[in-house]
Structure formats: C-alpha cells, structure tokens
Protein chains: 2
Amino acid sequence: MKDIADKLGVSSVTVSKALNDKEGVSDNLKIKIKKVAGEMGYRFNSAAKSIKDGLSYNIGVMIPHRFTGVNESFYLRVYQEIAIHLDHYGYFGILNILSNEDEEQLNFPRVYSENKVDGIIILGQVGKKYIETVQNMELPKLFLDFYDEHADIDSIITDNFYGAYEITNYLIQCGHREIAYVGNIYSTSSIQDRFLGYYKSLLEHGLSYDEQLLLNDRDERGTYIDIQLPEKMPTAFVCNCDQVAYNLCERLTSLGYSIPQDFSVVGFDNDIYATLANPQLTTVEVDIQEMARTAVKSIMDKVANPNRRNGRVLVQGNIIYRDSVRKTN
Amino acid sequence: MKDIADKLGVSSVTVSKALNDKEGVSDNLKIKIKKVAGEMGYRFNSAAKSIKDGLSYNIGVMIPHRFTGVNESFYLRVYQEIAIHLDHYGYFGILNILSNEDEEQLNFPRVYSENKVDGIIILGQVGKKYIETVQNMELPKLFLDFYDEHADIDSIITDNFYGAYEITNYLIQCGHREIAYVGNIYSTSSIQDRFLGYYKSLLEHGLSYDEQLLLNDRDERGTYIDIQLPEKMPTAFVCNCDQVAYNLCERLTSLGYSIPQDFSVVGFDNDIYATLANPQLTTVEVDIQEMARTAVKSIMDKVANPNRRNGRVLVQGNIIYRDSVRKTN
DNA sequence: CTGAAAGCGCTTACAG
DNA sequence: CTGAAAGCGCTTACAG
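Residues numbered from 1 in each chain as written. Chains lettered and ligands numbered in written order. Predicted model: local features only at pLDDT ≥ 70, side-chain atom pairs only at ≥ 80, totals over all residues. Heavy atoms only, no water.

Visitor: Can you lay out the pattern of salt bridges for me, pointing to particular residues and giving the numbers?
Guide: Inspection of the entire model under this criterion finds 34 salt bridges over all chains. Residues A:Asp148 and A:Lys128 are paired through a salt bridge, measuring 3.0 Å at the closest nitrogen-oxygen approach. Here the residue A:Asp148 occupies a position in the loop between strand E4 (141-144) and strand E5 (155-158), and A:Lys128 occupies one in helix H8 (residues 128-135), the gap between them amounting to 20 residues. Judged by relative accessible area, A:Asp148 falls into the buried class, the value being 8%. The partner of B:Glu103 in a salt bridge is B:Arg66, with the nearest N and O atoms 2.8 Å apart. (Salt bridge = Lys/Arg side-chain N within 4 Å of Asp/Glu carboxyl O. Helix = DSSP H or I, 4+ residues; strand = E, 2+ residues; numbered from the N terminus. Buried < 20%, exposed > 50% of the residue type's maximum accessible area, 1.4 Å probe, protein only.)

Written out as structure tokens, the structure reads:
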C-alpha cells in the first residue's frame, strides 16, 4: 500500500480509501490507484485488517473424528457446502477434525485458543462433557445436525420426525396397512425421532402399532446385526436410513422375494445406498444445501450480533419417489 | 497480554517471552505468567503474529467444483487428511472450491489475493488455461493427484502405472493368460497410465496384447456406457476403477456367470464399490493417508524454503486381496 | 533476567 | 478531497 502511495505521490490513507471504495477520494484518483495496484500485483493483507477490527473472517467447522470413516462422507459434504456459502460472506471455513483424544481431554480447539475464527460450527454430536467445553468458548457457536437439551446453544437439524411422518403417510396412501419400522430406537436420537414420525402417522390413520413390527438393526454399539424378520410379515418397511434399507432389500431378495411386488421398502437420507439398491429406493432426502445455507446464515448473524438467538431450527427433507414402493390400491 | 503484564507488574515483552518459552525469563516468573494467562482466559492473537512475520499459518486447498459431485468423496477425504496433517505443523487448511466460473475467468482465488494462505495445494486437474493462472501466483504451490508436463510445478500423484502393473502381475501369477483391460484410455491420464502398467505386465510375461481385449467403459464426456463384451472372452478383467469393476460384476452376474469361478475381476481405488461388489473386489488401494502426508510435508518444506523443488512424487498403492480372483493353477 | 522502542500493514478519527 | 497521527497485539533487536 505504501509502495503504491509512493509511486503516485499520495498517502497510504488515500490508497486505503480508494481500494475500499470509501468516500473522500476523487473518482479520478481512485481509478488511478486501482490501476497501479493491479499492475504492481498488490495483495491485500487480511491479517492487518483482522488485527484492526478483531475479526478473523474465518469460521471453524469441527467434526468429531469418529464421523469421518471411510464410507461416511455426509459431514464432509456438509462442510463443503458450508465453505461455498461462507464465501458469499467474504468468509472462509477452517476444518477442524476433533480427535477422540482432544474430545476426552476436553481441550479447546486450536482454532479457538489462537483466535483463528469468529465463530464455530460443531458438526456432529460431541460428548456431554465436551459440550460444556464448547459452552465455555466465548464465541458464537452452533450445533449442526444434533442438539442437546441441556446446552443453551442454537442448533440446526434435519426434521427427522416430519420426514418419517410424511414417508409413512405416503405408504399408507399407497394402501399399506401393516408397516414395520427398522431401527434401534435407543441408538441415536435421529433414529428415535424418525420412529416417532412413523408412529404419529400410524396414530393419525387409526392403525394400531404392533411391537412385533419394530425391527432392530444394530446393537448398542451401532454395529449392524442381522435383521430378525417377524413371523407375520408386514407389506412395507420404513427403514431408519438408506444403508439399512439397502441391506434389507438384499436380504429379502436373497430369500426369493421381489421388491416392490412382495414388499415395499423405504429409506432415509438419499445417500449412495438409495441408488445402489435394486430397485432404487424411495426415500427422504436430507437437504444438505439448505442445512449449510441455514447454518452459515445463522452463524454470520451471530458474528454480527452476539446476542442473536435462533433456537432449534428444523430443516425439512424432500421425499424422492423411486421404485421400491408398490401401490396396493 | 498487556492485561497479564499489568496484573503481574511486568512488561508485555516478558509475558510474550514466557508464553513462548523463550530465553530471558526466570522459570519462576514463566510459571506465574502462564498460570495467570490461563486464569484470565488469555487467547493468543494469531493475526498479530501473522502481521509480524508475514505468515498466515494457513494452507489453501483448492478443489475444482466438478470433482465434488454427490457420490464423489475422494477429494474431500484427501482434504480431510490434509487438514489433520497440517495440524501437526501448527497450520490450518482452508478449503476453496473452485467454481467453473472462476476457472473460466481465470480469477485468482480469494485465499490468494487476500493473503490468507502461505501456500496452496491444487487438488484435482484444472484447465490448461487456469494452470497458467496458478503459475502466476507468487506462493508455494503443489499439484495433487495430477500433473502437467508444461507447468514447472511440483506434483504428487498416485502411482497408477505401478499399481496396475502389480495387480496384473498378480493375475498372471494366479494363472491367467487372457486378461482384458476395461477403460477408455483417452479419457483421463490416470486411466491411460493404469493401462500402461497393465500393458507392461503383459510384455514382461511374454503375453501378447490383444486389442479386442481393450474394453471401453465411458464416452468422451466421461459418462459410463454399457461395456461391450468381446466375442472371445478372457479369464480376467483389469478394470480402471472399482466402480467400473462393480458394474462389470453386476453385468456378468446378470448374464448368469459367477465370479470368480467363471471370471476374475480386479479394480482400482479401493473405494466403497470394492466392498459393495459381490464378491468383494481385489483391488489397488490408493493410499490417501500417504498422499496427504507427502503433500503436507512438501508444501511445508516450500513455505520454509521457497526454492525447494520436489518434482513429481509418486505415491504407491497397496494391493488389497479379496475374493474376486480365482487361482487357475 | 527484564523492559523500552520500533515496526508489521492496515483503518479510523480527526485536522486541514 | 487529502493526509498526519494513533493504534490494533504481537515480536525482535537492543539496552540496561
């Protein structure tokens, strides 16, 4: 900046004003300054600005390491969309994989202790203890894809309840009356919330809930187990996620059944398993774009106004109609 | 820092030295200062340090948008590993999705023009024109997973050639003599390099190359096409990637063949398709960890010493032995 | 072992 | 419309 000023015989203050399109510089001079800046390959030093206004223009996105396995790309996709949206605000995203070690030892993330970010999005459920650590960070923060009833921290989550409710309604519209739910409802809150949506749909349509039709899909540690099919089979299965729906389809097919002729199967997520299944699955698409958009808007609001509260925001999914459901009416 | 200094009646210089474990402060005082800093919730201001030493302690990772489709998570995984490795160096990773628009208009990325990073890793092939733009950036830079013969920029790539060579050798060791290669060798340089590894293996073993056994899998725009099986079938197929191997297995199975009894099939990448295939695929694992580790080491070297050149570095994969190959001897 | 001074690149408030 | 001065939080080189 100083070099540009010297070259044109003006002060660096004037250069600063011109480059930022502020008042107090003649249009003529502004143009000249910008031209010279371009020619000299001037690059703005964002660190100097940061030190002035105390803003880093970065947002940290923290993902617990255990959610980043070989075949789990959901959170990475969300992060990607967040990065794209942050760009619209002139911000950047810094990815922070929270190691199990840091989570256990309740360490603050380095992005925080080094003042690298103006806000932080926690993407994926962290342990109860760590939530307290998060609460102690004096920074705008946001839970994404989970919430904690005890922590007074805004969160953005998929509307699991409503999505499962809608897709169960759809099955009923198609004439199904005996509908099973597949998932361990004590495993995660999203599996449980999806179950409750399924349950509400049954209630509303006057269908009785049959405990025999609640099928377990994983043990308490989250490892998939073989699904125990009920003695009296339903005509349709609401699965808590596409991967389980995929597994179920494979299972039923290997037993000689056809889908959707013999049984209808629906999933949740609209991930890769929905299109790999044969036939492709009717499912509830989790709206990653919208989640990222909402999350970025929310955290930027908080950066501008630290007292801003948005509470729990639900992002609705969309039913994707494919070929795994049979109309029986 | 000043607050801490005031509280203890020392100067901020002393506080700085103590917090950085530098010489010139008594151990006693150091301990006291660190204690007070902790109590006061002191957070280091990295922007101030940045402005002093001209380093941002960030590395930009740029991924062209077209490589980030719904079912493509490979580059995101690489980015994730890069972020983890950067952490060891006290650095952070800033993800930059390069939009088609920016790529066409040859715009510098904002991470560059705002001096947000000390180096940049370009992850995934960018257009010829844009490579020139990259070359014009006065910053350490590195191509990851591709290279350009005209650009004098260091690159790190998977050893496609050697991986395909090794896995073809393995098929030959298992007794196969008629071996097909599946892939459009004019589509990407990795498909071509993998083909050449296959070809070398044939040559070394005195097997003749039969053009009829080069099977196309995609059109010039990269869209998968139905694979045209040859009249005289081989006993094994080397596929250019796991997804194509998966498709081929489905195809052969639907034609009534069994794998590996009737035909052996191998893939490349060791991605999700390798484990989804039935039977699971023997394949070449691309070593994401090692690529990320090497890339981070290389870019950090360059940050420390801008003249450092590493040339083209090949990262070898590992053969993963599963159940899609039959021993015929 | 400790600290006063200067400087990194920018912006803001104020004076001319 | 233009610019001199001060300051953001830190570190380095130097003096005591």
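Visitor: So, the pairing of strand E8 (residues 236-239) of chain A: which residues are in play, and what are the values?
Guide: Looking down a regular strand, the side chains alternate between one sheet face and the other. Residue and element names in this part refer to chain A. On E8, burial covers both faces: Ala236 and Val238 on one face and Phe237 and Cys239 on the other are all buried. Across 4 bridges, strand E6 (residues 179-182) lies against E8 in parallel orientation. Bridged to Val182 within E8 is Cys239. For the segment spanning E8, helix H11 (residues 242-254) and strand E9 (residues 264-266), crossover handedness is right-handed. (Pairing = 2+ DSSP bridges. Right-handed = clockwise from strand over helix to strand, strands pointing away.)

Visitor: Go over the interface of chain A and chain B with me, naming the residues and quoting the values.
Guide: On the chain B side, the residues contacting the 47 residues of chain A number 47 residues. Of the roughly 4000 Å² buried where chain A meets chain B, counting both sides, 54% is carbon and sulfur surface. When the area that chain A buries against chain B is broken down by residue, the three leading residues are A:Arg43, A:Phe92 and A:Arg110, summing to 19%. For the interface between chain A and chain B, the tally reads 2 salt bridges. Its salt-bridge partner being A:Arg110, residue B:Asp87 comes within 2.3 Å of it at the nearest N-O pair. Where chain A meets chain B, there are 26 residue pairs in polar contact (both at pLDDT 80 or more). Elements with a minimum of two residues in the side of chain A that touches chain B: helix H4 (46-53), helix H5 (74-88), strand E2 (92-98), helix H7 (110-113) and helix H12 (272-276) of chain A. In terms of residue count, the dominant contributor to the side of chain A that touches chain B is H5(A) (7 residues). Partitioned by chemical class, the residues of the side of chain A that touches chain B number 22 nonpolar, 17 polar and 8 charged. (Contact = heavy atoms within 4.5 Å. Buried area = accessible area lost by both parts, 1.4 Å probe. Polar contact = N/O pair within 3.5 Å; in protein donor to acceptor, adjacent residues only side chain to side chain. Nonpolar A, V, L, I, M, F, W, Y, C, P; charged D, E, K, R; others polar.)

Visitor: Report on unusual backbone geometry, specifying residues and quantitative values.
Guide: Put simply, A:Asn278 and A:Pro279 share a cis peptide bond, and its omega is 0°. Along the chain, B:Ile259 connects to B:Pro260 via a cis peptide bond; the corresponding omega equals 5°. With respect to the helices and strands, the residue B:Pro260 is situated in the loop between helix H11 (242-254) and strand E9 (264-266). One non-glycine residue, A:Asn115, adopts positive backbone phi at about 55°. Mapped onto the elements, A:Asn115 comes out in the loop between H7 and strand E3 (119-123).

Visitor: Talk me through the relation of the copies chain A and chain B; I want residue IDs and the actual numbers.
Guide: Of the transformation placing chain A onto chain B, the axial shift is 0.0 Å and the rotation is 180°, giving an RMSD of 0.2 Å. Viewed as a symmetry operation, the transformation between the two copies matches a two-fold axis. Most of the interface of chain A is mirrored in chain B, where 100% of its interface residues again form contacts. (Least-squares fit on C-alpha atoms with pLDDT ≥ 70 in both.)

Visitor: Which residues make up the protein's contact with DNA strand D, and what are the values?
Guide: Looking at DNA strand D, there are 23 residues lining it, with A:Thr14, A:Lys17, A:Gly24, B:Ser16 and B:Tyr42 nearest. When the atoms of DNA strand D within 4 Å of the protein are grouped by moiety, sugar and phosphate amount to 61% of the total. B:Lys22 is positioned with one of its side-chain polar atoms (N or O) 3.0 Å from a phosphate oxygen of DNA strand D. At 3.3 Å from a base nitrogen of DNA strand D is found a main-chain nitrogen or oxygen belonging to B:Ala48. Those elements giving two or more residues to the surface near DNA strand D turn out to be helix H2 (12-19) and H4 of chain A together with helix H2 (12-19) and helix H4 (46-53) of chain B. (Near = heavy atom within 4 Å.)

Visitor: Which residues make up the UniProt feature "domain: HTH lacI-type" (unreviewed entry) in chain A, and what values do they have?
Guide: In this structure's numbering, the residues bearing the UniProt feature "domain: HTH lacI-type" (unreviewed entry) are residues 1-53 of chain A. Between the end C-alpha atoms of residues 1-53 of chain A there is a gap of 18 Å, over a span that is 68% helix and 0% strand. (UniProt positions renumbered as here; feature names shortened; annotations may be inferred.)

Visitor: Please set out the pairing of E4(A) residue by residue, giving values where relevant.
Guide: Residue and element names in this part refer to chain A. Residues Lys141 and Phe143 point to one face of E4 and Leu142 and Leu144 to the other, with burial holding for every one of them. Direction of pairing for E3 relative to E4: parallel, over a ladder of 4 bridges. Along E4, the bridge assignment pairs Ile120 with Lys141. Each parallel crossover has a hand, and for E3 linked through H8 to E4 it is right-handed.

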